[in-house]
Amino acid sequence: MGCQERGFLAATEDGGNWDRARDQEATAVLIGGPLAPGINGMVRFKDVPGGVEVFLHVEGLPPYQPAREGRPPVGPHGFHIHEKGDCTVGDQANPFTAAGAHWNPDHQPHGNHAGDFPVLFSNCGLATMTFFTNRFKVAEIVGRSVIIHEHPDDYRTQPDGAAGRRLACGVIKRKE
């Protein structure tokens, strides 16, 4: 589905007529699970002309560990929108599976899911990032969750980019 079909504005000679009354914002409070209980942070989603601005601030990420003995590295961390807004821990060794798979409304191969985000680089446990996406509007993601994964996303392996276990989760809620 192209940008026009999804309701994104095309540039016009007069700069467009962005309807600010329809702007929406949402946030997710990230809480670390049993594998990384020190993680806490916030993700903000804001409708802007042409798409959504995503801002993340998170603290308590585990330190980088290089790949060893056939195991993938810990960090940079995969970061995605998941299908369900359920951050139930469940299995302590494999938490947050109740959040479901990566959100993929267009049934794209991994690396091109609407919920695929850039990886998070931890600097002494801190990551801050802002980016733009035209893959969705805020109204489409309210009620879903964001997940931080243990490993980097390779953007190739199907269906989840080999991002590994889920370290933190937050439910996306409309900002009133």
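None of the values given here were measured: they were computed from a predicted structure.

A separate point is the pattern of salt bridges. Tallying each qualifying case throughout the model produces four salt bridges. In this structure, Lys 175 and Glu 25 form a salt bridge, with 3.5 Å as the shortest nitrogen-oxygen distance. Here Lys 175 is found in the segment after β7 (166-174), whereas its partner Glu 25 is found in strand β1 (residues 25-32), with 150 residues between them in sequence. Note that Asp 106 and Arg 135 form a salt bridge whose closest N and O atoms lie 3.4 Å from each other. Here Arg 135 lies in the loop between β5 (127-133) and α1 (138-141) and Asp 106 lies in the loop between β4 (79-82) and β5, a separation of 29 residues in the sequence. A relative accessible area of 23% means that Asp 106 is categorised as partly exposed.

On to the nonpolar core, then. In terms of nonpolar packing, the biggest core is built from 29 residues, with Val 43, Phe 45, Val 58, Phe 79, Ile 81 and Val 146 touching the most fellow members. Every element with two or more residues in this core is listed here: β1, β2 (40-48), β3 (51-59), β4, β5, α1, β6 (145-149) and β7. Residue contributions to this core peak at four residues, all from β3.

Cut-offs and rules
Residues numbered from 1 in each chain as written. Predicted model: local features only at pLDDT ≥ 70, side-chain atom pairs only at ≥ 80, totals over all residues. Heavy atoms only, no water. Salt bridge = Lys/Arg side-chain N within 4 Å of Asp/Glu carboxyl O. Helix = DSSP H or I, 4+ residues; strand = E, 2+ residues; numbered from the N terminus. Buried < 20%, exposed > 50% of the residue type's maximum accessible area, 1.4 Å probe, protein only. Core = buried A, V, L, I, M, F, W, Y, C linked by side-chain atoms within 4.5 Å.

All we've got here are geometric facts, nothing functional implied.
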